Amino acid sequence: LYSIGALCAIQCFMCHVSHLFPEWYCVYGMSVCVTLYAATKTCLYGFFLERAKCVEMTAQLCPWIVTKYVLPAYIACYFLIYLVLCPLTFRGTVVDPRTHPDVPTACLFGEYKQWVFILSAAVDVFNGILFLTLFCYPLYDAIKRRENFMDSEAHKEFRLDLIIVVKWN
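Notes on the structure follow. (Residues numbered from 1 in each chain as written. Predicted model: local features only at pLDDT ≥ 70, side-chain atom pairs only at ≥ 80, totals over all residues. Heavy atoms only, no water.)

1. A few points about the overall build of the protein chain
Here is step 1 of the chain: Tallying secondary structure elements over the protein chain gives five helices and two strands in all.
Here is step 2 of the chain: The N-to-C order of helical and strand elements in the protein chain reads α-α-α-β-β-α-α.
Here is step 3 of the chain: Scored against the burial criterion, the 169 residues of the protein chain give a buried share of 36%.
Here is step 4 of the chain: Of the contacts made within the protein chain by residues no fewer than 6 positions apart, 69% connect residues no fewer than 24 positions apart. (Helix = DSSP H or I, 4+ residues; strand = E, 2+ residues; numbered from the N terminus. Buried < 20%, exposed > 50% of the residue type's maximum accessible area, 1.4 Å probe, protein only. Contact = heavy atoms within 4.5 Å.)

Written out as structure tokens, the structure is:
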């Protein structure tokens, strides 16, 4: 996750100084930058899903077939759609900072589709809520069970569940 995020940041920085490289670097560098961003988000969603699968032995929010097959396929499709859309909808244009001193960067969006930005933001909000809920639900369930059962046997079961959750996270 950190490596892909670092590559994304480096690529975006390289786009800022793309007037020092051939023109194609800026034109296609924007697509690469946005694709690396999508890869970072994909890894984050995969991480939350794996954490949810690890702690689902204490509480289960959705059927195991969904967490084992459907959601990984959904995450893969999310990334594949980005992989196709980015080169088609994001292109850069080289601007020479010496002739345009008011422009802070050498590579501007020359071509982009506004609907991709809006749809991407909406999908990211949905994915963030979905995968964080899957991740946090077992923790919430353990706390709720602790409040409901104060006798010693339930307390021991809670401690065991909590130890398992903490161990896996």
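2. Re a nonpolar patch on the surface
Here is step 1 of the chain: On the surface, Trp-64, Ile-65, Tyr-69 and Val-70 cluster together into a nonpolar patch covering about 430 Å² of accessible area.
Here is step 2 of the chain: Checked against the element boundaries, Ile-65 lands in helix 3 (residues 64-89). (Patch = residues over 30% accessible without salt bridge, like charges linked within 9 Å, V, L, I, M, F, W, Y side chains within 5 Å. Areas by Shrake-Rupley, 256 points an atom, 1.4 Å probe, with all protein chains shown as cover. Salt bridge = Lys/Arg side-chain N within 4 Å of Asp/Glu carboxyl O.)

3. Considering the packing of aromatic side chains
Here is step 1 of the chain: Summed over the entire model, instances satisfying the criterion amount to seven aromatic pairs.
Here is step 2 of the chain: Plain terms: the ring middles of Tyr-45 and Phe-131 are 5.5 Å apart, the flat faces sit at 20° to each other, and that makes the pair stacked. Taken together, the positions of Tyr-45 in helix 2 (residues 23-55) and Phe-131 in helix 4 (residues 114-148) put the pair 86 residues apart, joining distant regions of the chain.
Here is step 3 of the chain: Phe-131 sits in the buried class, given a relative accessible area of 0%.
Here is step 4 of the chain: Feature note: the residues Tyr-45, Tyr-78, Tyr-82 and Phe-131 constitute an aromatic cluster, connected by ring pairs. (Phe/Tyr/Trp six-rings, centres within 6.5 Å; stacked < 30°, edge-to-face > 60°.)

4. Observations regarding helix 1 (residues 2-16)
Here is step 1 of the chain: Over its 15 residues, helix 1 extends 21 Å from the first C-alpha to the last, a length consistent with the 21 Å expected when each residue adds 1.5 Å.
Here is step 2 of the chain: Within helix 1, burial applies to Cys-8, Gln-11 and Cys-15. One side of helix 1 holds all its buried residues, which, seen down the axis, span an arc of 65°. Turned more than 90 degrees off the buried face of helix 1, the exposed positions are Tyr-2, Ser-3, Ile-10 and Phe-13. (Expected span 1.5 Å × (residues − 1). Arc of directions from axis to C-beta.)

5. Some remarks on the nonpolar core
Here is step 1 of the chain: The biggest cluster of nonpolar side chains holds 17 residues, and the ones touching the most others in it are Leu-49, Tyr-82, Phe-131 and Leu-134.
Here is step 2 of the chain: Elements with a contribution of two residues or more to this core: helix 2, helix 3 and helix 4.
Here is step 3 of the chain: Considering every element that reaches this core, the biggest residue donor is helix 2, with six residues.
Here is step 4 of the chain: What Tyr-82 contacts, discounting residues up to four positions off in sequence, is Val-34, Ala-38, Pro-87 and Ser-120. (Core = buried A, V, L, I, M, F, W, Y, C linked by side-chain atoms within 4.5 Å.)

6. Points about helix 3
Here is step 1 of the chain: For helix 3, with 26 residues, the first-to-last C-alpha span of 36 Å sits near the 38 Å given by 1.5 Å per residue.
Here is step 2 of the chain: A maximum bend of about 35° is found in helix 3 at Val-70, where proline Pro-72 lies one to four positions downstream.
Here is step 3 of the chain: Regarding helix 3, the residues found buried are Thr-67, Leu-71, Ile-75, Tyr-78, Tyr-82, Cys-86 and Thr-89. (Bend = angle between axes of the 7 residues up to and from the residue.)

7. Thoughts on the state of the cysteines
Here is step 1 of the chain: Applying the stated criterion across every chain yields a total of two disulfides.
Here is step 2 of the chain: Disulfide partner of Cys-12: Cys-33, at an S-S distance of 1.9 Å. With Cys-12 in helix 1 and Cys-33 in helix 2, this residue pair connects regions lying 21 residues apart in the sequence.
Here is step 3 of the chain: Given a relative accessible area of 27%, Cys-12 falls into the partly exposed group.
Here is step 4 of the chain: The partner cysteine of Cys-26 in its disulfide is Cys-107, sulfur to sulfur 1.9 Å. Taking the sign of the S-S torsion, 90° for the link of Cys-26 and Cys-107, the bridge is right-handed. Of the two residues, Cys-26 is situated in helix 2 and Cys-107 in strand 2 (residues 107-111); the sequence distance between them amounts to 81 residues. (Disulfide = S-S within 2.5 Å.)

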